[in-house]
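A closer look at the structure
Given next are the chains, with one letter for each unit.
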Number of protein chains: 2
Amino acid sequence: MRPTVHDIAAKAGVSLATVDRVLNGRPGVRAVTRARVEDAIEKLGYVRDVAAANLAKGRVYPLVFIIPEGENPFMRGLEAEVKLAATRSSFERTRIAAVHVPPFDAPALVQAIDAAVAEGVAGIAAVAVDAPEVAEAIGRARAAGVAFVTLVSDLAASARDHFCGVDNVAAGRTAGSLMARFLGARPGAVAVLAGSMLVRDHRERLEGFAAVMAEAFGGRRVLDVLEGQDEPERARALVGACLAAHPELAGIYSLGAGNAGLVAALEAAGRGDVCVIAHEITEPTRRGLEHGIIDAVLNQDAGHEVRSAVRVLRAKADGLPVIAAQERIRIDIFIKENLLQPLDETGTAQAAEA
Amino acid sequence: MRPTVHDIAAKAGVSLATVDRVLNGRPGVRAVTRARVEDAIEKLGYVRDVAAANLAKGRVYPLVFIIPEGENPFMRGLEAEVKLAATRSSFERTRIAAVHVPPFDAPALVQAIDAAVAEGVAGIAAVAVDAPEVAEAIGRARAAGVAFVTLVSDLAASARDHFCGVDNVAAGRTAGSLMARFLGARPGAVAVLAGSMLVRDHRERLEGFAAVMAEAFGGRRVLDVLEGQDEPERARALVGACLAAHPELAGIYSLGAGNAGLVAALEAAGRGDVCVIAHEITEPTRRGLEHGIIDAVLNQDAGHEVRSAVRVLRAKADGLPVIAAQERIRIDIFIKENLLQPLDETGTAQAAEA
DNA sequence: AAATTTCTGATTTACGTACATCAGAAATTT
DNA sequence: AAATTTCTGATGTACGTAAATCAGAAATTT
């Protein structure tokens, strides 16, 4: 059995109250006594039972997730993960709420942040828009003692406590490397479909991708970026026009959303030969992979990101250190063959293996 | 605040004792009363506070992990994850122990299983050897009310409660698909380095890989399997001989361990041009990726597998259902560009991003 | 209607920790 | 030595649930 506070008290020859004072850093213990207690803690290998401690404390951490609204399926998936975390949250003495803001809208984000701070939350996670006024709002929040993490897309490192998301430069390099290998010696330029060059994650992905393209085989030509605003219809039109204008096109890297339009344009043009790499496993990219339209999908696990954000916010709210290595989010590579089937609504599953 | 048992009692107009009987399926409650209580539970949206329940129960689940000994780095990593789970285990009212058996040794495994059952454990997780005597031992364990899951390598589905590992046929197909794309139109046969065709996971990977090779571009020749017994030195000798005998060799699929030998042989022969796909991120495969000797590594996350095994064993021990979809283990693909740096011993990390 | 069985309520203890109160001991100051 | 301050012990309550006991009510049987 694990040692308890009673065991420490007995071993150190002090009362429970004194042990409690030492454990919780309360005043009123002489240095020698404190040392005796700490020695006993050490020798017994005592570890606090967090479950019991939380039960006794009854403290709750109100957290807010600020998420862009709209039809971007990755964001909707992210929101679903937040909801899921919210249902589990009561067990972890955490109360999680989600609020919506229009995408790419810095003033709206600022307002949401200030509102959350006014409500007295313990921590905020937000998909950041990279703007000075947002950095200022985050500064106000942190000055008010509210922990702040950025989710998926980051901004200047100094403003927030932590970034919960992938290394997007590395993601771009990964896409570039796969593209280079899949294409091999095949000639032809590659196109890039982005949402907007105003958001940091898209800029970083492009940077990584372009760097690898420049290195590969003496350099492969990258066409001007198509900005589809993450909207399927615009993406369809842009890609369609690009395919028509460049019959020799060898590959497309889609680093944002709106992939339903991308797939539609490729199908309409009958260009299954184009090597396509996209981001995030969503309904359209999954279908694209299965039908051979998309060759590879890079994914960031939204569930991991949300859970990491909750852990980090709680740690920051308690003034505890964050183990950065533990909170790193992987860049997952999916091709047709390692794609798992989606879970059905109930969570009861298709067999994993025969 | 979340509703508690007291709220249910008040709402249903019954006592705490009756609520407790309903919640825990104890006898002594009339059908009408039970319905009233269940109605109140439903209406209030009551969810049991597991932490408090476990605290009150004080029940512990002794679990045993049976792991092959020897220098296979994946198995050593797996063991490290078990140790990690063991340190956390006391919080989850679980006591986890690890025992060693020689690899590929059915009688030793049988003995270890019987010993664990005799000790009165609640569940066993084992890297299975696919032999009838092992299936019988598992049958005895389950007849004695001990939950049993296979880890990493499976055997006949009927014998165990659950398999915690990847779909190895799909893993082989993934490897094949990557190999086909990386090679493109380049001619040449591919070699396969396995540990032993006696273990099921290696057989299944080969099956998936060979199937894709047969489909690709009218069929690419797969040489006879090299069985290196997962030992680096044997692997080095086998691969060295194969490279000498087949100067036109285009690719090598290493589906088992012993990859230190594989990398050494390739380096000695100066054959950086050969496309190499291996399994499991370990010290040698990581180095191979970084140096460009290995092109891709398929990985199963040992930590996920161990945690999944613990969850499943506890659920089975309690007679609860397992959400299979939640317990599926992904096949991760790593190339040089998406490889995360290893954590250092303390877990304090290198920066994830700038 | 009496006796029996089956259900239900009230109450208590426990799990491991947090936290508060109060009295008394020890150390320090006057 | 007396007065004060600082430390320590003893004790109790709380968190939300589990589990046990015992008394009394309701239903069933005789």
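Source: prediction; values computed, not measured.

**Details of the overall build of chain A**
- Within chain A, the secondary structure is distributed over 13 helices and 11 strands.
- With 354 residues in all, chain A has 50% of them scored as buried.
- Sequence separation of at least 24 residues holds for 67% of the intrachain contacts in chain A that already meet a minimum separation of 6.
- Summed over all atoms, the accessible surface of chain A reaches about 15200 Å², with 55% contributed by carbon and sulfur.
- Considering chain A, the positive charge centre built from 39 side chains and the negative charge centre built from 45 side chains are found 9 Å apart.

**Some details on the interface of chain B and chain A**
- Listed as interface residues are 49 residues of chain B and, on the opposing side, 50 residues of chain A.
- Summed over both sides, the interface of chain B with chain A buries roughly 4300 Å², with 60% coming from carbon and sulfur.
- When residues of chain B are sorted by the area they lose upon contact with chain A, R181, R328 and R330 of chain B head the list and together hold 17% of the total.
- One can count six salt bridges joining chain B with chain A.
- Between R181 of chain B and D295 of chain A there is a salt bridge whose closest N-O contact spans 2.9 Å.
- Between chain B and chain A we count 10 residue pairs in polar contact (both at pLDDT 80 or more) in total.
- Of all the secondary structure elements, the ones that give two or more residues to the side of chain B that touches chain A are α4 (50-57), α8 (168-183) and β11 (332-334) of chain B.
- When residues in the side of chain B that touches chain A are grouped by element, the largest group, seven residues, is from α8 of chain B.
- Broken down by class, the residue content of the side of chain B that touches chain A amounts to 25 nonpolar, eight polar and 16 charged.

**Structural notes on the protein's contact with DNA strand C**
- As a matter of local geometry, DNA strand C sits amid 28 residues, with R48 of chain A together with T18, V29, R30 and T33 of chain B nearest to it.
- For DNA strand C, the fraction of atoms within 4 Å of the protein that belong to sugar or phosphate moieties is 73%.
- Within the side chain of N24 of chain A, a nitrogen or oxygen atom sits 3.3 Å from a phosphate oxygen of DNA strand C.
- A distance of 3.4 Å separates a base oxygen of DNA strand C from a polar atom in the backbone of L55 of chain B.
- Secondary structure elements with two or more residues in the surface near DNA strand C: α1 (5-12), α2 (16-23) and α4 (50-57) of chain A together with α2 (16-23) and α4 of chain B.
- No other element matches α4 of chain A, which puts four residues into the surface near DNA strand C.

**Focus on the domain arrangement of chain A**
- Annotation of chain A at the domain level lists domain 1 (5-48), domain 2 (59-165 + 302-329) and domain 3 (168-299).
- Placing a centre on the C-alpha atoms of domain 1 of chain A and another on those of domain 2 of chain A gives a separation of 37 Å.

**Examining the confidence of the model for chain A**
- Across chain A, the average pLDDT comes to 89, with 96% of residues at 70 or higher.
- Note on residues 344-354 of chain A: pLDDT is under 50 here. Beyond four places in sequence and across chains, it has 14 contacts.

**Description of the sheet that holds strand β5 (residues 162-164) of chain B**
All names here are of chain B.
- Taking strand neighbours across the sheet as the criterion, the five strands line up as β2-β1-β3-β4-β5 in an open arrangement whose pairing is parallel. Pairing within the sheet leaves two strands with one partner each, and these edge strands are β2 (94-101) and β5. Recorded for the sheet is a direction-independent mean angle of 25° between the axes of neighbouring strands.
- Judged from the eight bridges that link them, strand β1 (residues 61-68) and β2 form a sheet pairing that is parallel. Paired with L63 across the two strands is I96, which belongs to β2.

**Some details on the packing of aromatic side chains**
- Here the structure, examined in full by the defined rule, presents three aromatic pairs over all chains.
- Positioned above the aromatic ring of F182 of chain B, the side-chain terminus of R181 of chain A is 5.2 Å from the ring centre.

**Describing the protein's contact with DNA strand D**
- The environment of DNA strand D is formed by 28 residues, the closest being T18, V29, R30 and T33 of chain A together with R48 of chain B.
- Backbone atoms, meaning sugar plus phosphate, form 69% of the atoms of DNA strand D positioned within 4 Å of the protein.
- Side-chain polar atom of T18 of chain A to a phosphate oxygen of DNA strand D: 2.5 Å apart, as the coordinates give it.
- Take R30 of chain A: an N or O atom from its main chain is 2.3 Å from a phosphate oxygen of DNA strand D.
- Elements with a contribution of two residues or more to the surface near DNA strand D: α2 and α4 of chain A together with α1 (5-12), α2 and α4 of chain B.

**Points about the environment of L206 of chain A**
All names here are of chain A.
- Here L206 lies in helix α9 (residues 200-215).
- A relative accessible area of 17% places L206 in the buried class.
- Considered as a pair, L206 and V225 are 19 residues apart in the sequence and their alpha carbons are 8.9 Å apart.
- When residues no more than four places from it in sequence are discounted, the contact partners of L206 are V192, M197, V225 and L255.

**Focus on the relation of the copies chain B and chain A**
- The transform that puts chain B on chain A rotates by 180° and translates by 0.1 Å along the axis, for an RMSD of 0.2 Å. The transformation just described matches what one would write down for a two-fold rotation axis.
- A shared binding surface is used by both copies, with 100% of the interface residues of chain B retained as interface residues in chain A.

**What to know about the packing of helix α8 (residues 168-183) of chain A against α8 of chain B**
- Between α8 of chain A and α8 of chain B, the shortest axis-to-axis distance is 6 Å and the interhelical angle comes to 70°. In this view, α8 of chain A runs roughly perpendicular relative to α8 of chain B, as classed from their interaxial angle. Of the residues in α8 of chain B, those in contact with L178, R181 and F182 of chain A of α8 of chain A are L178, R181 and F182 of chain B.
- Residues of the contact of α8 of chain A with α8 of chain B, tallied by class, amount to four nonpolar, no polar and two charged.

**Focus on the nonpolar core**
- In terms of nonpolar packing, the biggest core is built from 55 residues, with L178 and M179 of chain A together with L178 and M179 of chain B touching the most fellow members.
- Each residue touching L178 of chain B, except ones within four places of it in the same chain, is listed here: F182 and I335 of chain A together with I277, A296, L298 and I333 of chain B.
- V101, A116, A126 and A137 of chain B belong to the second-largest nonpolar core, a separate cluster that totals 25 residues.

About the criteria used
- Residues numbered from 1 in each chain as written.
- Chains lettered and ligands numbered in written order.
- Predicted model: local features only at pLDDT ≥ 70, side-chain atom pairs only at ≥ 80, totals over all residues.
- Heavy atoms only, no water.
- Helix = DSSP H or I, 4+ residues; strand = E, 2+ residues; numbered from the N terminus.
- Buried < 20%, exposed > 50% of the residue type's maximum accessible area, 1.4 Å probe, protein only.
- Contact = heavy atoms within 4.5 Å.
- Areas by Shrake-Rupley, 256 points an atom, 1.4 Å probe, with all protein chains shown as cover.
- Lys, Arg positive; Asp, Glu negative; His and termini not counted.
- Charge placed at Lys NZ, Arg CZ, Asp CG, Glu CD.
- Buried area = accessible area lost by both parts, 1.4 Å probe.
- Salt bridge = Lys/Arg side-chain N within 4 Å of Asp/Glu carboxyl O.
- Polar contact = N/O pair within 3.5 Å; in protein donor to acceptor, adjacent residues only side chain to side chain.
- Nonpolar A, V, L, I, M, F, W, Y, C, P; charged D, E, K, R; others polar.
- Near = heavy atom within 4 Å.
- Domains from an automatic or database assignment.
- pLDDT = per-residue confidence, 0-100.
- Pairing = 2+ DSSP bridges.
- Axes fitted to C-alpha atoms, helices over the stretch in contact; angles between N-to-C directions.
- Phe/Tyr/Trp six-rings, centres within 6.5 Å; stacked < 30°, edge-to-face > 60°.
- Lys NZ or Arg CZ within 6 Å of the ring centre and 35° of its normal.
- Least-squares fit on C-alpha atoms with pLDDT ≥ 70 in both.
- Parallel < 35°, antiparallel > 145°, perpendicular 65-115°, else oblique.
- Core = buried A, V, L, I, M, F, W, Y, C linked by side-chain atoms within 4.5 Å.

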